[in-house]
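Notes for the structure review
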Amino acid sequence: MSEALSTFGPADAGVLGSAAPDVVIRVRDLVAGFGDKIIMKGLDLDVYRGEVLGVVGGSGTGKSVLTRTILGLLPKRSGRIEVFGADLDEVSEREYDSIERRIGVMFQQGALFSGLTVKQNVQVPMREHLDLSPRLADELAMLKIELVGLALDAADKYPSELSGGMIKRAAMARALALDPELVFLDEPTSGLDPIGAAEFDELIGTLQKTLGLTVFMVTHDLDSLYSICDRIAALAEGKVIAAGPIETMLASGHPWLKAYFHGKRARQFDPENVACRAKAGATGHLGEARLNGGAGFDNAS
Ligand SMILES: Nc1ncnc2c1ncn2[C@@H]1O[C@H](COP(=O)(O)OP(=O)(O)OP(=O)(O)O)[C@@H](O)[C@H]1O
Ligand SMILES: [Mg+2]
């Protein structure tokens, strides 16, 4: 286990409480890459049940590759990945299928199939995994579409007819199609305006709480990190260089973390307010914080 993770245990669960957290994803000594290019160089990571984990790192550090490798969509060179306690390399096709049904994914690119309507997109995972009558599939898809705050008439629209924010919501509806326990979101707020991004954060936070989701969220969005993430894992040099609540990131002496969290675009930080906001579900004022240029919660209160 790397030095960065040697203190990575229940104490770091922070707002999750003092009991030993249930680990939903366990990655150990992961090595992965393409040809001569090694992207993951012995990476360790735990994701706890019921948390929103924000995954940060410079562009090209391997956040999307890590996501796909955990999902078993990209091969690894060595190391161990467990999802819901199972090593995906060792499970049968049937077991993989049943694990896959418990997972929802919103990919960074190609969020929706352009030739399918929103409703049909939401039904793709249902068709793959469930044997539903068309009527039930329609009813379920409409429920998901409503759940993510889309107007019902969006159901029959094609992706080209939607705004960026609506596409994100539709992609979220598809990720939730099978009532997953674990959701992977790759840059869910990228490309949204500050209000749209704040609303989407609020949606993620609300869904996480009401559905009891575990969320693995890759993001560059500092506001998302402050507003909905229980913990953050920072990737650099092919490893998780720090993992813990935002306070851990702010206290880190690592040059990338210092530049990211204390650089020009970073906000002023009030530790007390962050802890309160994350668990009180008081995300409504975040839009203001964003509109104030991320001025900080000490200013937003
Ligand atoms: N299919 C692939 N074949 C070869 N190289 C790849 C492939 N997918 C990703 N890479 C390389 O792996 C590295 C990590 O890519 P990845 O997409 O995971 O970065 P990222 O951290 O998600 O970046 P961003 O923040 O820009 O989304 C990059 O150097 C990329 O060029
Ligand atoms: Mg990426």
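Structure: see above.
The following paragraphs examine the structure supplied in this document.

Cut-offs and rules
Residues numbered from 1 in each chain as written. Chains lettered and ligands numbered in written order. Predicted model: local features only at pLDDT ≥ 70, side-chain atom pairs only at ≥ 80, totals over all residues. Helix = DSSP H or I, 4+ residues; strand = E, 2+ residues; numbered from the N terminus. Buried ≥ 20, exposed ≤ 12 C-beta atoms within 10 Å, placed from the backbone. Contact = placed C-beta atoms within 7 Å. Near = placed C-beta within 6 Å. Nonpolar A, V, L, I, M, F, W, Y, C, P; charged D, E, K, R; others polar. Arc of directions from axis to C-beta. Pairing = 2+ DSSP bridges. Axes fitted to C-alpha atoms, helices over the stretch in contact; angles between N-to-C directions. Core = buried A, V, L, I, M, F, W, Y, C linked by C-beta atoms within 7 Å. Domains from an automatic or database assignment. Parallel < 35°, antiparallel > 145°, perpendicular 65-115°, else oblique. Left-handed = near helix turned anticlockwise from the far one by under 90°.

A word on the overall build of the chain. Scanning the chain for helices and strands turns up twelve helices and ten strands. For the chain, the residues scored as buried account for 40% of the 301 residues in total. Restricting the contact set of the chain to residue pairs at least 6 apart, pairs at least 24 apart contribute 68%.

Here the focus is the site of ligand 1. Close to ligand 1 lie Phe34, Ile39, Gly57, Ser59, Gly60, Thr61, Gly62, Lys63, Ser64, Val65 and Gln108. Among the elements that line the shell around ligand 1, the one with the most residues is helix α1 (residues 63-70), at three residues. For the shell around ligand 1, the class distribution of residues is three nonpolar, seven polar and one charged.

Turning our eyes to something else, we now look at helix α9 (residues 255-262). For α9, the full list of buried residues reads Leu257, Tyr260 and Phe261. One side of α9 carries all its buried residues, which in axial view fall inside an arc of 85°. Each element contacted by the buried residues of α9 is listed here: β3 (52-57), β9 (231-236), β10 (239-244) and α8 (246-251).

Our next topic: the sheet that holds strand β4 (residues 78-83). What the four strands build is an open sheet, ordered β2-β1-β4-β5; its pairing is antiparallel. A strand with exactly one partner marks an edge of an open sheet, and here the two such strands are β2 (37-48) and β5 (86-87). In this sheet, β2 lies alongside strand β1 (residues 23-34) in antiparallel orientation, the contact comprising nine bridges. What sits directly across from Leu30, in β2, is Leu43. In the packing of α1 onto the sheet, the strands contacted are β1, β2 and β4, and the crossing angle to β1 comes to about 115°.

What follows covers the pairing of strand β6 (residues 103-106). Burial along β6 is two-sided: the face carrying Ile103 and Val105 and the face carrying Gly104 and Met106 are both buried. Sheet topology places β6 next to strand β7 (residues 182-186); four bridges connect them, and they run parallel. Paired with Val105 across the two strands is Phe184, which belongs to β7.

A few words now on the nonpolar core. It is characteristic of soluble globular proteins that their nonpolar side chains tend to be buried jointly. In this structure, Leu53, Ile145, Val215, Met217, Ala233 and Ala234 are the most contacted members of the largest nonpolar core, which totals 68 residues. Per-domain counts for this core show at least three residues from each of domain 1 (3-102 + 186-300) and domain 2 (116-179). When near neighbours in sequence (up to four residues on either side) are disregarded, Met217 contacts Val52, Leu53, Gly54, Val55, Leu185, Pro188 and Cys229.

With six of its six residues buried, β3 lies for the most part within the structure. Covered by surrounding structure in β3 are Val52, Gly54 and Val56 together with Leu53, Val55 and Gly57, the residues of both alternating faces. For β3 and strand β8 (residues 214-218), the ladder comprises four bridges, and the chain directions are parallel. In the sheet register, Leu53 faces β8, and the bridge partner there is Phe216. Where β3 meets β9, five bridges bridge the pair, whose relative direction is parallel. Within β9, the position partnered with Val56 by the bridge is Ala234.

This part takes up the sheet that holds β3. Strands sit in the order β6-β7-β8-β3-β9-β10 across an open sheet of six strands; the sheet is mixed. Of all strands in the sheet, those bounded by a partner on one side alone are β6 and β10. When strand polarity is set aside, the average angle formed by the axes of neighbouring strands in this sheet is 15°. Strands in contact with helix α5 (residues 164-175) are β6 and β7; relative to β6, the strand with the most contacts, it is inclined by about 160°.

At a minimum axis separation of 9 Å, helix α3 (residues 118-129) and helix α4 (residues 134-147) run at an interaxial angle of 110°. In this view, α3 runs roughly perpendicular relative to α4, as classed from their interaxial angle. Crossing hand, α3 versus α4: right-handed. Between α3, through Val118, Lys119, Val122, Gln123 and Met126, and α4, the contact on the second element is made entirely by Ala137, Asp138, Leu140, Ala141, Lys144 and Ile145.

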